[in-house]
Amino acid sequence: MQSLWNDIDAAHCDSPLALRAYASRLLGGDPTLVLHGGGNTSLKREAKSGCVLYVKGTVSDLAQATEQTFTPLRLDSVLRVLEQPPLDNAGMMRALEDGLLHRPALKPSIETLMHAGLPFALVEHTHADSVLAALNVDNIQAVHAEVYGVRAPLVPYQHSGHALARACLDTFRARGMANTIGLILAFHGVVAFGNDARTAYENMIELVTFAEEFLKARNAWRLPEAAPVAAAPDTQTLDALHTEINAIAGTALVRHVIGDAPTIAYAQRPDLAQISQQGPATPQHAVYTKRVPLIGRDVAGYAARYREYLDTHLGKTHSSLIDAAPRIALDPAFGLCAFGTTEREARIAAQMYQHDIAIITRASSHGRYRSAPAAAIALAEFEYGGYTARAA
Ligand SMILES: [Zn+2]
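Criteria and thresholds
- Residues numbered from 1 in each chain as written.
- Predicted model: local features only at pLDDT ≥ 70, side-chain atom pairs only at ≥ 80, totals over all residues.
- Helix = DSSP H or I, 4+ residues; strand = E, 2+ residues; numbered from the N terminus.
- Rg over C-alpha atoms; globule rule 2.2 N^0.38 Å.
- Buried ≥ 20, exposed ≤ 12 C-beta atoms within 10 Å, placed from the backbone.
- Core = buried A, V, L, I, M, F, W, Y, C linked by C-beta atoms within 7 Å.
- Domains from an automatic or database assignment.
- Contact = placed C-beta atoms within 7 Å.
- Axes fitted to C-alpha atoms, helices over the stretch in contact; angles between N-to-C directions.
- Parallel < 35°, antiparallel > 145°, perpendicular 65-115°, else oblique.
- Left-handed = near helix turned anticlockwise from the far one by under 90°.
- Nonpolar A, V, L, I, M, F, W, Y, C, P; charged D, E, K, R; others polar.
- Pairing = 2+ DSSP bridges.

S.K.: Just checking my understanding: could you explain the overall build of the protein chain for this structure?
M.R.: The helix and strand tally for the protein chain stands at 17 helices and 11 strands. Relative to the compact-globule value of 21 Å for 392 residues, the protein chain shows a C-alpha radius of gyration of 21 Å, a close match. In terms of principal-axis extent, the alpha carbons of the protein chain reach across some 65 × 50 × 40 Å. Here the protein chain holds 392 residues, and the buried ones make up 48% of them.

S.K.: Help me understand the nonpolar core in this model?
M.R.: Side chains of nonpolar character tend, in soluble globular proteins, to be buried together. Grouped together as the largest cluster of nonpolar side chains are 118 residues, with contacts concentrated most on Val131, Cys168, Ile184 and Ala349. In terms of domain composition, this core takes at least three residues from each of domain 1 (7-217) and domain 2 (235-391). When sequence neighbours within four positions are dropped, the list of residues in contact with cysteine 168 reads Met114, Gly117, Leu118, Val155, Leu183 and Val191.

S.K.: Even after reading the chapter, I still don't get the packing of helix α14 (residues 299-319) against helix α16 (residues 374-384), so can you show me in this structure?
M.R.: To describe two helices that pack against each other, one gives the angle between their axes and the distance between the axes. The interhelical angle for the contact between α14 and α16, taken along N-to-C directions, is 40°, at an axis separation of 8 Å. Comparing their axes, α16 and α14 come out oblique. Crossing angle aside, the handedness with which α14 passes α16 is right-handed. Every residue of α16 that contacts α14 at Tyr309, Leu310, His313, Leu314 and His318 is listed here: Ala374, Ala375, Ala378, Leu379 and Phe382. When grouped by side-chain class, the residues that make up the contact of α14 with α16 number eight nonpolar, two polar and no charged.

S.K.: Any chance you could explain the sheet that holds strand β8 (residues 254-258) here in plain terms?
M.R.: Taking strand neighbours across the sheet as the criterion, the four strands line up as β8-β11-β10-β9 in an open arrangement whose pairing is mixed. Strand pairing shows two members of the sheet lacking a second neighbour, β8 and β9 (294-295), which therefore form its edges. Sheet analysis places β8 next to strand β11 (residues 335-340), joined by five bridges and oriented antiparallel. Paired with valine 257 across the two strands is cysteine 337, which belongs to β11.

S.K.: What should I look at first to understand the sheet that holds strand β7 (residues 189-194) in this one?
M.R.: Strand pairing in a sheet is mediated by backbone hydrogen bonds. Such pairs are either parallel or antiparallel. Within the open sheet, the seven strands sit side by side as β3-β2-β1-β4-β7-β6-β5. Their pairing is mixed. Across the chains shown, the open sheet's two edge strands, defined by having one partner strand only, are β3 (70-74) and β5 (154-155). Here β5 runs beside strand β6 (residues 182-185); their pairing, made up of two bridges, is parallel. Each bridged residue has a counterpart across the sheet, and for valine 155 the counterpart in β6 is leucine 185.

S.K.: When you look at the domain arrangement of the protein chain in this model, what are you seeing that I'm missing?
M.R.: By convention, interface size is frequently given as the accessible area that disappears when the constituent parts associate. With domains assigned, the protein chain is organised as domain 1 (7-217) and domain 2 (235-391). One C-alpha centre belongs to domain 1, the other to domain 2, and the line joining them spans 27 Å. Domain 1 puts 20 residues into the contact, and the matching count from domain 2 is 23 residues. The set of elements that each furnish at least two residues to the side of domain 1 that touches domain 2 consists of α4 (89-96) and α6 (129-135). Per-element accounting of the side of domain 1 that touches domain 2 gives the leading share, three residues, to α6. The residue makeup of the side of domain 1 that touches domain 2, split by class, is nine nonpolar, nine polar and two charged.

S.K.: What's the story with the pairing of strand β4 (residues 122-126) in this structure? I'm lost.
M.R.: Looking along a regular strand, one sees side chains alternate from face to face of the sheet. When you tally the buried positions in β4, you get five out of five residues, the bulk of the element. Residue alternation in β4 divides its side chains into two sets, Leu122, Glu124 and Thr126 and Val123 and His125, and both sets are buried. Bridge count for strand β1 (residues 40-47) against β4 is four bridges, and the pairing is antiparallel. Considered in β4, the bridge of leucine 43 is made with leucine 122. Note: β4 against β7, five bridges, orientation antiparallel. Across the sheet, histidine 125 pairs through a bridge with valine 191, a residue of β7.

S.K.: Teacher, can you tell me more about unusual backbone geometry here?
M.R.: In terms of backbone geometry, most residues other than glycine have negative phi values and most peptide bonds are trans. With an omega of -5°, the peptide bond between arginine 103 and proline 104 qualifies as cis. By the secondary structure assignment, proline 104 is in the loop between α4 and α5 (112-117). Even without being glycine, phenylalanine 187 reaches a positive phi, approximately 55°. With respect to the helices and strands, phenylalanine 187 occurs in the loop between β6 and β7. We classify phenylalanine 187 as buried; it has 24 C-beta atoms within 10 Å.

S.K.: Is there a simple way to explain the environment of leucine 82 in this structure?
M.R.: Tracing the backbone shows leucine 82 in helix α3 (residues 75-83). Leucine 82 sits in the partly exposed class, given 18 other C-beta atoms within 10 Å. It is 22 Å that separates the C-alpha atoms of leucine 82 and isoleucine 181, two residues lying 99 residues apart in sequence. Beyond its immediate sequence surroundings of up to four residues, leucine 82 is in contact with Leu113, Ala116, Gly117 and Ala165.

S.K.: Sorry if this is basic, but what is going on with the pairing of β11 here?
M.R.: Counting buried residues in β11 gives six out of six residues, a clear majority hidden from the surface. Pairing geometry for strand β10 (residues 328-331) and β11, over four bridges, is antiparallel. Within β11, the residue paired with aspartate 331 across the bridge is glycine 335. Hairpin connection between β10 and β11: a loop of three residues separates the two successive antiparallel strands.

See below:
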């Protein structure tokens, strides 16, 4: 992966926070690094009153980052929250309010504690496709040791928030060395850091490049460029499927069909029923794609299994807030059909699943694809899908 750092553009940034925003836009502008609100970045700066942590606001997008995207918090106050006994995300957000430098402010990123704990001026977190394609496999430990070792120690999967921040800090303290430039978050993404904006950004690029080189060396990089020609989308079939899905969703959804070569090739794989039912490459995708796609036409069967999964991991009260209708349908004839409550949501779901297809295809070329545990995906679907407020 090429660094897009440009000294002339960087020189136009008239403050460290403006430079932080510039490097964030470089990351956010590449959909193979983050998609639609995914990922987060931060800057720590000394001020008269003590060190300030500027961290991305939770509803903002790195691709459009400006100085206003970042929420300023007193670092010592945030670090006290990190030292508290385990907190759920609602409790963590309440505790973080004490550290806000001014109000109103954007709600700080769910990963604020992770940014605070790592002892570097700049921290970047992405869900880089290549890193997930290399490491989302059942032998993650062995692949990690081969690709990264101490350059980016492996953090076992933890839910975003207090638990993940603690795990990152513990891993960094136990395994970080002088040449450590980041951390790998198992079945989630990657963190890079540094003490100046260019170094932190280019450390992320370097970590992604390591994964790309591994995939190329394993002949796991190339995606199918041509698939057996699929029949043109059969509108009647899609209409019937759409009607059934609307009934389960309890609302009229919008659909978006993708039938390019990698998608058709994926939908026609003989092992589709196995590789597509593990879960998304990173938990955030489940907000738009659900944990697993529908394969075939049995919408009622899908909904029954999905309801059982939500009930098991969230309990019936929270489960009842989420509909059990699929958002992605895969079919060897039409490829992928994504559903959303708006045209925009349907397109985002389609785009996220296209990235999952690339990741799962590459991971399956060198190992057995795995995702975060089902319980973790259910929690992500609930929390990042905005259901916490409705449940309160
Ligand atoms: Zn993340």
